[in-house]
Amino acid sequence: MTPAPAQRFRVRTLNAISGTGLTRLPAELYEVGDAVEQPHALLLRSARLHDTPVPESVLAVARAGAGTNNIPVESLTERGVPVFNTPGANANAVKELVLAGLFIASRNLIPAARFAHTLEGDDAAIARAVEAGKKQFVGFELPGRTLGVIGLGAIGVQVANAALGLGLKVVGFDPAISVDHAWMLSAEVQRAHSIEEVFKRADILTVHVPLVEATRGLVSTQRLALMRHSAVILNFARAEIVDEPAIVSALDQGYLAGYVCDFPSTAVHKHPKCISLPHLGASTKEAERNCAVMAVDQLRGFLEEGQVRNSVNFPEAVMDREEGTHRLVIVNRNVPNMVGQVSTLVAQHGQNIANLLNRSRGGLAVTLVDIDGQVDPGLCAEIRAIDGVLSARLIPA
C-alpha cells in the first residue's frame, strides 16, 4: 500500500482547500485533486464521510478544522487510520466572532439595525423615528459583568483572556484543561468547580467544547433554570451542545434574555430574542489558510515519516528518523507483548533495530521502528499477521 520512492502519494481533496496549504505538497511527491483515484489520504473540511465509503487505500484522513463529527472516526480507528484535525488554527477567528456576539447581545445591534433599515421618509422624518424608536434597543455595558466560559481549550482561553481586557469578570470551567492551555490562561480567570457553578454566576455564558455524547445538550432545561433572568447564552461551538427547545422555552418564559449562535435552525432563526449567524466561526481567509497549512503538514508527517501529531484517535508519536534507516509504521491494539513480537520478527529476519518508539492511547498503540540495512519485503506481511495489528507499512530510507 505504501508508494515506492519513485512514486507519489495520492491525496484526494473533498472540499476547497486553501492554496497556501496545498502548495506545501510538493508536486514531485504528491498527486492532489478532487478526482484522485486510490488515494493514500483524504483532505477535507465539511464533507460528510459518513455518507460515502472510505477507500481501502486510505492511510490517513485530515480535516482542516477542529470538529470531526463529519468523519467516521471509530470505523477508521478499527482500520488503523489516523484522523487529524487542526486545533487552535481557527481560534483567533472564532474568538473574534464570540466577542462580536458579546457586543451584539449587550447592545441589541441586530434588531437595532433591522429597525433602522425600515425607516422611510426624509431626513427629518427619519430623525424623529430614530428618537422615538431607539428606547426599545437599550442595552447594557460589559465592565463588571461576569462571563462564564465552559471549555478552556485554544478558543476558550483566548475568549477568556480577551474578555478580561473588556472589563468583564471571567469564570471558567474545564476539568480536562491541558498544561499548555493552563499556562496561557490569565491568572485573573476565576476557576469554577462545576458546570452548574458557571451557569449560576454568569451574566453571559459561552461554550467552547467539542460535540461528543457527554456534551450533547449540555445547555439544558435544568442548567438554564440556574441562570439569572437577564442572562445571555453564546454558542459558537456546535448547535447540538444546546438543547434548542429548552432555550426557546426559557426565552419565551423570560428566564433567559437572549441567545446568540452560529447555527440557524427552524427553532431559533426567527425568534425575536435569538440572533443566529450562518456558521461564520472559521470563515476568515486567515483561518482557512492556517487550518489548511496545519492539516497538510500533519498529513505529510504521517505519510512520509509515520509521525502522529494532533490526531483525534491516535496517540502522539514523534521520533526523529535515523539517517539511512527504513521505518516500520505499525498501528495495533494496546495489548501486552506487541513490541516483543515485532522485535522478534525483525531479529528473525537478521535485521537490527536502530531506534524504536511505542506510544499508546486507550486501547490503541503506534509503534515506529527504524531498521538498519535492507529490509526483507516479507517482514511487513508477517507483522500484519500478528493478532492485534491493525495496519503496518514500510517507509523506505
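Above this text sits the structure in question.
Residues numbered from 1 in each chain as written. Predicted model: local features only at pLDDT ≥ 70, side-chain atom pairs only at ≥ 80, totals over all residues. Heavy atoms only, no water.

**Q** Go over the sheet that holds strand β13 (residues 326-333), please, and point to the residues and values.
**A** The sheet built from four strands is open, its strands ordered β14-β15-β13-β16 with antiparallel pairing. Edge positions in the sheet fall to β14 (353-361) and β16 (389-395), since each has one partner strand and no second. Taking each pair of neighbouring strands and ignoring which way they run, the sheet shows an average axis angle of 10 degrees. Direction of pairing for β13 relative to strand β15 (residues 364-371): antiparallel, over a ladder of eight bridges. In the sheet register, Arg327 faces β15, and the bridge partner there is Asp370. Against the sheet, helix α11 (residues 285-305) touches β13 and β16, its axis set at about 80 degrees to β16. Contacts between helix α12 (residues 338-348) and the sheet are confined to β13, β14, β15 and β16, with β14 contributing the most and set at about 155 degrees to the helix. (Pairing = 2+ DSSP bridges. Helix = DSSP H or I, 4+ residues; strand = E, 2+ residues; numbered from the N terminus. Axes fitted to C-alpha atoms, helices over the stretch in contact; angles between N-to-C directions. Contact = heavy atoms within 4.5 Å.)

**Q** Could you give an account of the packing of helix α3 (residues 91-107) against helix α6 (residues 154-165), with specific residues and numbers?
**A** Any two packed helices are characterised by the angle at which their axes cross and by the distance between the axes. Across the interface, α3 lies against α6 with an axial gap of 9 Å and an inter-helix angle of 45 degrees. The orientation of α3 with respect to α6, classified from their angle, is oblique. For the pair α3 and α6, the sense of crossing is right-handed. Every residue of α6 that contacts α3 at Ala91, Asn92, Val94, Lys95, Val98 and Leu99 is listed here: Ala154, Ile155, Gln158, Val159 and Ala162. Residue composition of the contact of α3 with α6, by class: eight nonpolar, two polar and one charged. (Parallel < 35°, antiparallel > 145°, perpendicular 65-115°, else oblique. Left-handed = near helix turned anticlockwise from the far one by under 90°. Nonpolar A, V, L, I, M, F, W, Y, C, P; charged D, E, K, R; others polar.)

**Q** Pulling in residues and values, what's your account of the sheet that holds strand β9 (residues 204-207)?
**A** Reading across the sheet, the seven strands line up as β8-β7-β6-β9-β10-β11-β12 and stay open at both edges, with parallel pairing between neighbours. Each edge of the open sheet carries a strand with a single partner, namely β8 (190-191) and β12 (274-276). Bridging between strand β7 (residues 169-173) and β8 involves two bridges; their strand directions are parallel. Paired with Gly172 across the strands is Arg191, a residue of β8.

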